[in-house]
Amino acid sequence: MRDFTKTEEPMGGETPDGGNTYVIQEHQSRRLHWDFRLERDGVLKSWAVPKGPPEESGIRRLAIQVEDHPLEYGGFEGTIPKGEYGAGTVEIWDQGVYEALKWEDEKIEIILEGERLSGKYVFIRLKRGKENEWLLLKAVG
Ligand code: MN
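Cut-offs used in this document
Residues numbered from 1 in each chain as written. Predicted model: local features only at pLDDT ≥ 70, side-chain atom pairs only at ≥ 80, totals over all residues. Heavy atoms only, no water. Helix = DSSP H or I, 4+ residues; strand = E, 2+ residues; numbered from the N terminus. Rg over C-alpha atoms; globule rule 2.2 N^0.38 Å. Buried < 20%, exposed > 50% of the residue type's maximum accessible area, 1.4 Å probe, protein only. Areas by Shrake-Rupley, 256 points an atom, 1.4 Å probe, with all protein chains shown as cover. Lys, Arg positive; Asp, Glu negative; His and termini not counted. Charge placed at Lys NZ, Arg CZ, Asp CG, Glu CD. Salt bridge = Lys/Arg side-chain N within 4 Å of Asp/Glu carboxyl O. Donors = N, O, S within 2.8 Å, 3.2 Å for Na, K, Ca; no water. Pairing = 2+ DSSP bridges. Core = buried A, V, L, I, M, F, W, Y, C linked by side-chain atoms within 4.5 Å. Contact = heavy atoms within 4.5 Å.

So, on to the overall build of the protein chain. Helix and strand counts for the protein chain come out as 0 helices and 9 strands. A globule of 141 residues ought to have a C-alpha radius of gyration of about 14 Å, and the protein chain, at 15 Å, matches this closely. Based on the C-alpha atoms only, the size of the protein chain along its principal axes is roughly 45 × 30 × 30 Å. Counting only residues that meet the buried cut, the protein chain has 40% of its 141 residues in that class. Total accessible area on the protein chain stands at roughly 8200 Å², and carbon and sulfur atoms take up 46% of it. In the protein chain, which carries 20 positive and 27 negative side-chain charges, the distance between the mean positions of the two groups comes to 10 Å.

Applying the stated criterion across every chain, the model contains 5 salt bridges. Here K45 makes a salt bridge to D68, at a shortest N to O gap of 3.0 Å. Of this pair, K45 sits in strand β3 (residues 43-49) while D68 sits in strand β4 (residues 60-70), and the two are 23 residues apart along the sequence. Under the relative-accessibility criterion, D68 is labelled partly exposed at 35%. As a salt-bridge pair, E106 and R125 come within 3.8 Å of each other at their nearest N and O atoms. On the criterion of sequence distance, the pair formed by E106 in the loop between β6 (88-103) and β7 (107-114) and R125 in strand β8 (residues 118-125) is long-range, its members being 19 residues apart. Residues participating in the shared-partner salt-bridge network are K107, E109 and K120.

This next bit is on the coordination of the manganese ion. Listed as protein donors to the manganese ion are H27 (ND1), H33 (NE2) and D35 (OD); their distances from the metal cover 2.2 to 2.3 Å. If you list the donors of the manganese ion from N- to C-terminus, the spacing comes out as H-x5-H-x1-D. Across the pair, D35 and H27 agree in class, each one buried.

Here we come to the pairing of strand β1 (residues 21-28). Across 8 bridges, the pairing between β1 and β6 is antiparallel. Looking at the pairing, V23 lines up with Q95 of β6. Across 7 bridges, β1 lies against strand β2 (residues 32-40) in antiparallel orientation. Considered in β2, the bridge of H27 is made with H33. Counting the residues between successive antiparallel strands, the hairpin from β1 to β2 contains 3 residues.

Let us look at the nonpolar core. The tendency in soluble globular proteins is for nonpolar side chains to be buried side by side. In terms of nonpolar packing, the biggest core is built from 18 residues, with Y22, F36, L38, I110, L112 and F123 touching the most fellow members. Looking at this core, the elements with two or more residues in it are β1, β2, β3, β6, β7, β8 and β9 (133-138). With residues near it in sequence (within four places) discarded, L112 still touches Y22, F36, V97, Y98, L117, S118, G119 and Y121.

Looking at where S46 falls in the secondary structure, it is placed in strand β3. When its relative accessible area of 0% is taken as the criterion, S46 is described as buried. Distance from S46 to R128, taken between C-alpha atoms, is 21 Å for residues 82 residues apart in sequence. Sequence-distant contacts of S46, defined by excluding residues within four places in its chain, comprise F36, R37, I64, Q65, V66, E67 and H69.

Next up, the structure:
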């Protein structure tokens, strides 16, 4: 979908496996959202979170899984040109490393250690929603 002749976003390429970084990019596109990306098997597993990741426990946020992105994409900040997919500005809102406690089809549990967020977070796939709809919540404690 992205036309790399028109945008400065990274294309991706050779990347090592086995990292455990994450990044959250604030994306002021047609609609403001936060792109939550977890490094996994050499790519960034990605969710768009319209209201942003919860910073306190007890808050649940819709997280819509989107296509995997190349690892290099996690370093991107800048402007996606008008007319291109996701046109608007991208800023890194948080970044760090995570530990996966559980990674299953319906549930992902992680411990974040980032600049802004820390602690346990859980992604739960919505059973009644569309297949790409998850809930993201910060666990208690
Ligand atoms: Mn986005």
